[in-house]
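Structural description and commentary
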Amino acid sequence: MDPAAAAAALFRSTFAAEPAAVAIAPGRVNLIGEHTDYNGLPVLPFAIGQSTAVAVAPSGAGLLEGVSREFPEPARLPLGADPAACPEPWHRYLAAAAAVLGPRLSGRGARIAVASDLPPASGLSSSSALTVALLLALDAAFGLGLDRAALAAFAAQAERLAGAETGGMDQQVIAFAEAGALLRIDFLPPAMRPVPVPAGWAFVVASSGQPAPKGGAARDAYNERVVATRIAAALLADMLGAEIEGTPLLGHVAAIDAAPVLVDELPARSSARKAAAAAGIPLERLVTLAAGAFDPDAQLPVRAYARHVLAEAERVDLACAAVEAGDLAALGELMAASHASLRDDYRCSTPALDALVKAMTRAGAAGARLTGAGFGGFAIAVCERGREQAVIGAAAAAAGGPAFEVAPSAGARLA
Ligand code: GAF
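Reading the values: rules and limits
Residues numbered from 1 in each chain as written. Predicted model: local features only at pLDDT ≥ 70, side-chain atom pairs only at ≥ 80, totals over all residues. Helix = DSSP H or I, 4+ residues; strand = E, 2+ residues; numbered from the N terminus. Contact = placed C-beta atoms within 7 Å. Buried ≥ 20, exposed ≤ 12 C-beta atoms within 10 Å, placed from the backbone. Arc of directions from axis to C-beta. Domains from an automatic or database assignment. Nonpolar A, V, L, I, M, F, W, Y, C, P; charged D, E, K, R; others polar. Axes fitted to C-alpha atoms, helices over the stretch in contact; angles between N-to-C directions. Parallel < 35°, antiparallel > 145°, perpendicular 65-115°, else oblique. Pairing = 2+ DSSP bridges. UniProt positions renumbered as here; feature names shortened; annotations may be inferred. Near = placed C-beta within 6 Å.

Focus: the environment of Asn39
- Positionally, Asn39 belongs in the loop between β1 (21–32) and β2 (44–59).
- On a C-alpha basis, the gap between Asn39 and Ala221 in space is 16 Å, while along the polypeptide they are 182 residues apart.
- With sequence-adjacent residues up to four places away left out, Asn39 is seen in contact with Thr229, Leu249, Leu250, Gly251 and Val309.

What follows is the structure in structure tokens.
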């Protein structure tokens, strides 16, 4: 049963009532532009056909009552529950969606049923799909009148309340994607542009066999990189004598010509405490940014992290041009360079992801790379149509996990 029909059926069987709204939100895969979004630099993701559906009806109880086809533990949370404190990971997203809507729910609760065909903890954004679908369903059921931009912004805020300092790519592509196209997203200043995909290309995603959880050590490693790249941006802004309002991001300094040259002058390693003092960032601000466990004396490779982010942003520009020119070989090379940079400079690959990327490339992919935050999860490959079965077979043989074709699909919608 497809997720929308399954969520509606689960709602009826659990609550003995009709849902007021059913919304469906796709997962996403990022073609290129990894760990650039929270630095204010562009990304090039697309929504996929696999999705999460949420059926909702308002209730008078001031409670969130949730059931999921995939997760056995039902939710029964007071409206004001702290998302980060929910022991059951999927409950966090229910609490976080209610928290960002706050008084808009007028103190009323909701009954919620969820069904998904997205693999959880895959790096295909199952958590953002849940959050966007839930917010869209609540919007319709409570008549909130949110537009797409508000939906994406609330969903990003909810993800941060749930614990990861993410940049907003996932929620934006899930809210705005168009079938048949990638979505180039810029953050400074905000802009979006669909980039249609040539007909003869196919995309394959494959699991590395290791989960990419949004919590625990992976969340801390992600947040550490957010902190380290903020420090690099502040140090570069200082070297360039640039006056930047608010927290400097690498996106601000990337716009200054000399920035890429100065990256080599950043300290190779620095404790967050030392670098923050030099960059004029209060330590408490970093601790807040890091959200999870944070050791201010850990040695962070700020130069290598900044080198990845700035080079990756350039690769996004080149990849857009390659897609528009129908140049599959050029796109493949950019993907290979992105993976190498994520492995060597950003240090978020794993041996299983490296082996998977190698296997898909050997099997005829023009290019392959890890996709999403890394530290496990999935890789994406692009190939000429006709080679996708060979790439899928090689990926499954290398990593033993699911591997399948994905097609650029439409964003979130009411069912
Ligand atoms: C995760 C985050 F949610 C995104 O915002 C993005 O930073 C990505 O990791 C890395 O590119 O998916």
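Quick look at helix α9 (residues 272–279)
- What α9 keeps buried is the set Ala272, Ala275, Ala276 and Ala279. The buried residues of α9 occupy an angular sector of 100° when projected down its axis, which confines them to one face.
- Positive phi appears at Gly280, one or two residues downstream of α9, with a value of about 75°.

Observations regarding the environment of Arg369
- If you trace the backbone, Arg369 turns up in strand β11 (residues 367–370).
- Overall, Arg369 belongs to the buried group, with 30 C-beta atoms counted inside 10 Å.
- In this structure, the C-alpha to C-alpha distance between Arg369 and Ala6, residues 363 residues apart in sequence, is 33 Å.
- If we ignore the near neighbours within four places in the chain, the residues touching Arg369 are Met335, Ser338, His339, Val357, Ala379 and Ile380.

Here's the deal with the domain arrangement of the chain
- Along its sequence, the chain is organised into domain 1 (3–34 + 41–190), domain 2 (201–213 + 320–406) and domain 3 (216–305).
- The straight-line distance from the C-alpha centre of domain 1 to that of domain 3 is 31 Å.
- Each partner contributes to the interface: domain 1 provides 6 residues, whereas domain 3 provides 11 residues.
- Per-class residue counts for the side of domain 1 that touches domain 3 are 4 nonpolar, 1 polar and 1 charged.

Remarks on the packing of helix α6 (residues 216–240) against helix α11 (residues 302–325)
- Between α6 and α11, whose axes approach to 9 Å, the crossing angle comes to 90°. For the element pair α6 / α11, the angle class is roughly perpendicular. Between α6, through Arg225, Ala228, Thr229, Ile231 and Ala232, and α11, the contact on the second element is made entirely by Val302, Tyr305, Ala306 and Val309.
- Taken together, the residues of the contact of α6 with α11 sort by class into 7 nonpolar, 1 polar and 1 charged.

Some points on the pairing of strand β12 (residues 378–384)
- Counted residue by residue, β12 has 6 buried out of 7 residues, so it is predominantly covered.
- For strand β8 (residues 201–207) and β12, the ladder comprises 7 bridges, and the chain directions are antiparallel. Residue pairing in the sheet places Ala206 in a bridge with Ala379 of β12.
- Sheet analysis places β11 next to β12, joined by 4 bridges and oriented antiparallel. Counted as the bridge partner of Gly367 is Val382 from β12.

Some thoughts on unusual backbone geometry
- The linkage connecting Leu188 with the following residue, Pro189, adopts the cis geometry, with an omega of -5°.
- For Pro189, the location among the structural elements is in the loop between β6 (181–187) and β7 (190–196).
- You will see that Phe375, though not glycine, has its phi angle at about 60°, which is positive.
- Residue position: Phe375 is located in the loop between β11 and β12.
- By the C-beta count within 10 Å, which is 22 here, Phe375 ends up buried.

Let's talk about the UniProt feature "domain: GHMP kinase N-terminal" (unreviewed entry) in the chain
- The sites that carry the UniProt feature "domain: GHMP kinase N-terminal" (unreviewed entry) are, in the present numbering, residues 93–176.
- What you have in residues 93–176 is 57% helix and 10% strand, and the ends, taken at the C-alpha atoms, are 20 Å apart.

Thoughts on the site of the ligand
- Contacts to the ligand come from Asn30, Glu34, His35, Asp37, Tyr38, Thr166, Gly167, Met169, Asp170, Gly372 and Ala373.
- Its residues assigned to classes, the shell around the ligand comprises 3 nonpolar, 5 polar and 3 charged.

Considerations on the UniProt feature "domain: GHMP kinase C-terminal" (unreviewed entry) in the chain
- The residues that UniProt annotates with the feature "domain: GHMP kinase C-terminal" (unreviewed entry) are residues 322–395.
- For residues 322–395, helix accounts for 55% and strand for 15%, while the C-alpha atoms at its two ends are 25 Å apart.

Digging into the sheet that holds β8
- Taken in spatial order, the 4 strands line up as β11-β12-β8-β13 in an open sheet, and their pairing is antiparallel. Single-partner strands in this sheet number two, and they are β11 and β13 (403–406). Within the sheet, the average angular offset between the axes of one strand and its neighbour, ignoring direction, is 25°.
- When β8 meets β13, the two strands line up antiparallel, connected through 4 bridges. When the sheet's bridge partners are listed, Phe203 is paired in β13 with Val406.

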